[in-house]
Amino acid sequence: MKLEREIDIFIEGVRRYFKPLSKADQEVTIGTPFLIKHDQPMGLDYTGLIAVSGDARGVVLFSASKVMLKYILLRQSETKFDEIYLHDIAGEVANTIAGNARQHLGARFHISPPRVLNGKIERRHLSSDSRSYVIPLRWRKNGAELIVSLSYATS
Amino acid sequence: MRLMVVDDSLVIRNRISRALSAEFSGILRAADGTEAIKIAVAKQPEVITMDLTMPNMDGVACIQEIIKLLPRVRILVVSALADKATAIEALSKGANGFLCKPFTEAELESAIRKVIQLEY
């Protein structure tokens with residue numbers, strides 16, 4: 001899988017997730033993706049993590065500020081914003097974007113149920129033998145990151 | 001008719017419950033397949049929305065067990081897994097419809113109506 005194609009798939013997933021949440025002037029903006037350098041700090045307040053197995057191995061993470069997660073909850077008619085809800089929505093966003101990637105990556109792109117991390121992401125959360133990159137995004141003036149760290153089995 | 005909403009996400013369970021509350025006389029909720037089966041046996045819902053990627057027991061395994069217990073139940077899969085093979089598998093194992101996440105309330109309501117209106 002070419003890196004550029006993989007990035008396009010996940011950018012499409014981000015746009016697809018935010019489209020139903022967004023009014024006309026609130027579209028998500030995607031920044032320039034970049035490769036993660038050694039020891040580079042990653043992650044915001046809460047991170048949904050999806051483990052990937054099958055034809056690809058690694059993780060897909062959605063990391064966002066508390067404020068952005070609250071806006072996502074509000075747009076889904078939630079009125080509670082305590083940690084259980086912030087955790088839940090961080091995991092659900094990661095799950096949706098990773099699951100949607102199967103449309104292009106196929107049914108052998110197996111995803112786990114989400115787990116959620118508080119605070120910064122550590123290097124150990126990423127796959128050690130893969131290229132890892134960040135897709136930065138902004139929505140309603142708040143930032144988030146989709147972090148993808150995948151390697152593919154060679155036949 | 002009673003609806004059971006099966007999803008490991010609390011926010012999704014809330015959202016589906018709110019969106020469909022006017023269509024059903026009662027709404028039950030389960031966070032995974034194991035809990036869904038217990039509730040299905042006890043409460044016998046007529047319609048179920050079912051996520052696929054869940055801990056303890058995944059949605060396809062749960063569908064197969066629930067169909068044995070409640071042969072006339074209508075099941076709408078609501079899942080982020082957007083590949084055709086997954087939809088085909090779920091439908092072949094007994095689901096009556098498939099709605100991909102993310103969804104709007106209008107899409108959910110339309111999908112549930114189609115599942116309810118299916119004739120045997």
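Presented here is an overview of the structure given in this document. (Residues numbered from 1 in each chain as written. Chains lettered and ligands numbered in written order. Predicted model: local features only at pLDDT ≥ 70, side-chain atom pairs only at ≥ 80, totals over all residues. Heavy atoms only, no water.)

Moving on to the packing of helix H2 (residues 33-43) of chain B against helix H3 (residues 59-69) of chain B. Residues and elements named next belong to chain B. At their nearest, the axes of H2 and H3 sit 10 Å apart, and the two run at 10° to each other. In terms of orientation, H2 and H3 fall into the roughly parallel class. Touching Gly-33, Ala-36, Ile-37, Ala-40 and Val-41 of H2 are Cys-62, Glu-65, Ile-66 and Leu-69, all from H3. Grouping the constituent residues of the contact of H2 with H3 by class yields seven nonpolar, one polar and one charged. (Axes fitted to C-alpha atoms, helices over the stretch in contact; angles between N-to-C directions. Helix = DSSP H or I, 4+ residues; strand = E, 2+ residues; numbered from the N terminus. Parallel < 35°, antiparallel > 145°, perpendicular 65-115°, else oblique. Contact = heavy atoms within 4.5 Å. Nonpolar A, V, L, I, M, F, W, Y, C, P; charged D, E, K, R; others polar.)

Formed by 65 residues in total, the largest nonpolar core has its most connected members in Phe10(A), Phe18(A), Phe62(A), Ile72(A), Met4(B) and Ile66(B). It is helix H3 (residues 83-100) of chain A that provides the largest number of residues to this core, a total of eight residues. In this view, Phe18(A) contacts Val28(A), Phe62(A), Met68(A), Ile72(A), Leu137(A) and Trp139(A); residues no more than four positions away in its chain are not counted. Ala19(B), Leu76(B), Leu99(B) and Leu108(B) belong to the second-largest nonpolar core, a separate cluster that totals 16 residues. (Core = buried A, V, L, I, M, F, W, Y, C linked by side-chain atoms within 4.5 Å. Buried < 20%, exposed > 50% of the residue type's maximum accessible area, 1.4 Å probe, protein only.)

Residues and elements named next belong to chain A. All chains considered together, the criterion is met by three aromatic pairs over all chains. Residues Tyr-17 and Phe-18 carry aromatic rings whose centres are separated by 5.5 Å and whose planes lie at 80° to one another, so their mutual orientation is edge-to-face. The burial state of Tyr-17 is the same as that of Phe-18; both residues are buried. Here Phe-18 and Trp-139 contribute two aromatic rings whose centre-to-centre distance is 5.2 Å and whose plane-to-plane angle is 55°, an arrangement assigned as tilted. Highlighted residues: Phe-18 in helix H1 (residues 3-18) and Trp-139 in strand E7 (residues 131-139), separated in sequence by 121 residues. By relative accessible area, Phe-18 is classed as buried at 0%. Given a relative accessible area of 0%, Trp-139 falls into the buried group. (Phe/Tyr/Trp six-rings, centres within 6.5 Å; stacked < 30°, edge-to-face > 60°.)

All right, on to the interface of chain B and chain A then. How big an interface is tends to be stated in terms of accessible area lost as the parts join. If you look at the interface, chain B gives 22 residues, while chain A gives 22 residues. In this assembly, chain B packs against chain A so that about 1,800 Å² is buried in total across both faces, 58% of it on carbon and sulfur atoms. When the area that chain B buries against chain A is broken down by residue, the three leading residues are Val11(B), Thr53(B) and Pro102(B), summing to 28%. On the surface where chain B and chain A come into contact, there are three salt bridges. Between Glu92(A) and Lys101(B) there is a salt bridge, and its shortest N-O distance comes to 3.0 Å. Counting every contact that joins chain B to chain A gives twelve residue pairs in polar contact (both at pLDDT 80 or more). (Buried area = accessible area lost by both parts, 1.4 Å probe. Salt bridge = Lys/Arg side-chain N within 4 Å of Asp/Glu carboxyl O. Polar contact = N/O pair within 3.5 Å; in protein donor to acceptor, adjacent residues only side chain to side chain.)

Okay, the pairing of strand E8 (residues 142-152) of chain A next. All names here are of chain A. Across the eleven residues that make up E8, a large majority, nine, are buried. Two elements, strand E4 (residues 56-64) and E8, share nine bridges in a ladder whose sense is antiparallel. Bridge pairing in E8 places Phe-62 opposite Leu-146. The sheet contact formed by E7 and E8 spans nine bridges and is antiparallel. If you follow Pro-136 over to E8, its bridge partner there is Glu-145. Connecting E7 to the antiparallel partner E8 that follows it, the hairpin turn spans two residues, and Arg-140 within it adopts a positive phi of roughly 50°. (Pairing = 2+ DSSP bridges.)

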